[in-house]
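The residues making up each chain are set out below.
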Amino acid sequence: MTLVIAHRGASWDEPENSLAAFERAIELGADFVELDVHATGEGELVVAHDPPGPARVPTLAEALEVVAGRIGVMVELKLPYRYRRHDLVRRTLALLGDEAVLVSFEPAALQAAHALRPELRLVQHVGFGVSIRAAAGYAWAAGFQDERVSPRGLVAARARGLETLVYTVNEPARMRELAGLGVGGIFSDRPDLLRRTLAARA
């Protein structure tokens, strides 16, 4: 089965990383909602893709409260070491339940998370200075950018015991192709379209 992961919520329909986008992802039947975490200058953990400005954005606690018990959650740490003084990794982990998944491009952040919560599932995005082999030392899954993923890479990840996830896919033909390659999950701005496409293929 290929997991339907709502990228920054149902961000085709609602503003990305907003509570409305998360509610919409739940309504559309996604398996997971993915959201991005930054810290403000004062150290508050907030949900935003880019460093937050003066506009109001949800706090991580608010977002997790909305999705708790209703949908799986994947939390991506954005630039975790820009906020080293705010202890972003440890404080994020303190808010996550055992069923949550932590995602990052930064191996050091995920390695720190693994040391603190070895049972927590981690997704290491690979292909940007991090190898599949390195990721297998601590991660549950390898995250592949759609433009860079290859059948060979998927096979290599599976051979090392890693689940395979691909981001970000919004075209039905590509969704079908990736499902045919057996990927474990697809990030999409359009979880409803992804769900329908996978169901039709089945």
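Above this note sits the structure.
No experiment lies behind these values; they were computed from the predicted model shown.

(A) Spatial organisation of the packing of aromatic side chains. Applying the stated criterion across every chain, the model contains three aromatic pairs. Ring geometry for Phe105 versus Phe128: centroids 5.7 Å apart, planes at 80°, classification edge-to-face. Within this pair, whereas Phe105 is found in the loop between β5 (101-104) and α4 (107-116), its partner Phe128 is found in the loop between β6 (121-125) and α5 (132-135), the two being separated by 23 residues in sequence. Residue Phe128 is classed as partly exposed on the basis of its relative accessible area of 38%. Plain terms: the ring middles of Phe105 and Tyr167 are 6.2 Å apart, the flat faces sit at 90° to each other, and that makes the pair edge-to-face.

(B) Summary view of the pairing of β5. On β5, burial covers both faces: Val101 and Val103 on one face and Leu102 and Ser104 on the other are all buried. Pairing of strand β4 (residues 72-77) with β5, which is carried by three bridges, proceeds in the parallel orientation. Following the sheet pairing, Val75 is matched in β5 by Leu102. Across four bridges, β5 lies against β6 in parallel orientation. Directly across from Val103, in β6, lies its bridge partner Val123. What joins β5 to β6 is α4, and the crossover it makes is right-handed.

(C) A look at the side chain of Arg117. With respect to the secondary-structure elements, Arg117 resides in the loop between α4 and β6. Assessed through its relative accessible area of 13%, Arg117 is described here as buried. Side-chain polar atoms of Arg117 contact the backbone oxygen of Leu96, separated by 3.2 Å. Residues within four places of Arg117 in sequence aside, it is in contact with Leu93, Leu96, Gly97 and Asp98.

(D) Representation of the nonpolar core within the structure. By size, the foremost hydrophobic cluster in this structure holds 56 residues, and its most contacted members are Leu35, Val73, Val75, Leu102 and Phe144. At five residues, the largest contribution of residues to this core is made by helix α2 (residues 60-67). With near-sequence residues (within four places) excluded, Leu35 lies in contact with Asn17, Phe22, Val47, Leu60, Ala63, Val73, Met74, Val75 and Glu76.

(E) The arrangement of the pattern of salt bridges in detail. Applying the stated criterion to the full structure yields 14 salt bridges. The residue Asp36 makes a salt bridge to Arg8 at a minimum N-O spacing of 3.4 Å. Separated by 28 residues along the polypeptide, Asp36 in strand β2 (residues 32-39) and Arg8 in the loop between β1 (3-7) and α1 (19-27) bring together distant segments of the chain. When its relative accessible area of 1% is taken as the criterion, Asp36 is described as buried. Accessibility expressed as a relative area gives 16% for Arg8, which makes it buried. Where Asp192 meets Arg196, a salt bridge forms, and the shortest distance between an N and an O atom there is 3.8 Å.

(F) Region of the structure containing helix α7 (residues 172-180). Buried residues of α7: Arg174, Met175, Leu178 and Ala179, and no others. End-on view of α7: buried residues confined to an arc of 135°, all on one side of the axis. In this structure, the buried residues of α7 make contact with β8 (163-167), β9 (185-188) and α8 (191-201). Looking one or two residues beyond α7, the residue adopting positive phi is Gly182, at roughly 80°.

Criteria and thresholds
Think of each chain on its own: its residues are numbered from 1, step by step along the sequence as written. In view of the model being predicted, local features appear only for residues whose pLDDT reaches at least 70, and side-chain atom pairs are presented and counted only at 80 or more, with totals across whole chains, interfaces and linings using the full set of residues. Think of the side-chain values as coming from all heavy atoms in the structure, minus any hydrogens and water. Only rings of Phe, Tyr and Trp enter the pairing, Trp through its six-membered ring, and a pair is recorded when the two centres are within 6.5 Å. The plane angle decides the type: under 30 degrees is stacked, over 60 is edge-to-face, the rest tilted. Only DSSP runs of H or I covering at least 4 residues are called helices, and only runs of E covering at least 2 are called strands; the numbering of each starts at the N terminus. Each residue's exposure class comes from its accessible area (1.4 Å probe, protein chains only) as a fraction of the maximum for that residue type: buried when under 20%, exposed when over 50%, partly exposed otherwise. Only strands joined by at least two bridges in the DSSP assignment are considered to pair. Seen with its strands pointing away from the viewer, a crossover is right-handed when the path leading from the first strand over the helix to the second is clockwise. Each polar contact in these results corresponds to two N or O atoms within 3.5 Å; when the atoms are within protein, one needs to be able to donate a hydrogen and the other to accept it, and residues that are neighboring in sequence are counted only if both atoms are side-chain atoms. Two residues qualify as a contact provided that any one of their heavy atoms is within 4.5 Å of a heavy atom in the partner residue. Among the buried residues, those of types Ala, Val, Leu, Ile, Met, Phe, Trp, Tyr and Cys that are joined through side-chain atoms within 4.5 Å form a nonpolar core. We define a salt bridge as a contact between a side-chain nitrogen of Lys or Arg and a carboxyl oxygen of Asp or Glu at a distance within 4 Å. By construction, the arc corresponds to the directions joining the helix axis to the C-beta atoms.

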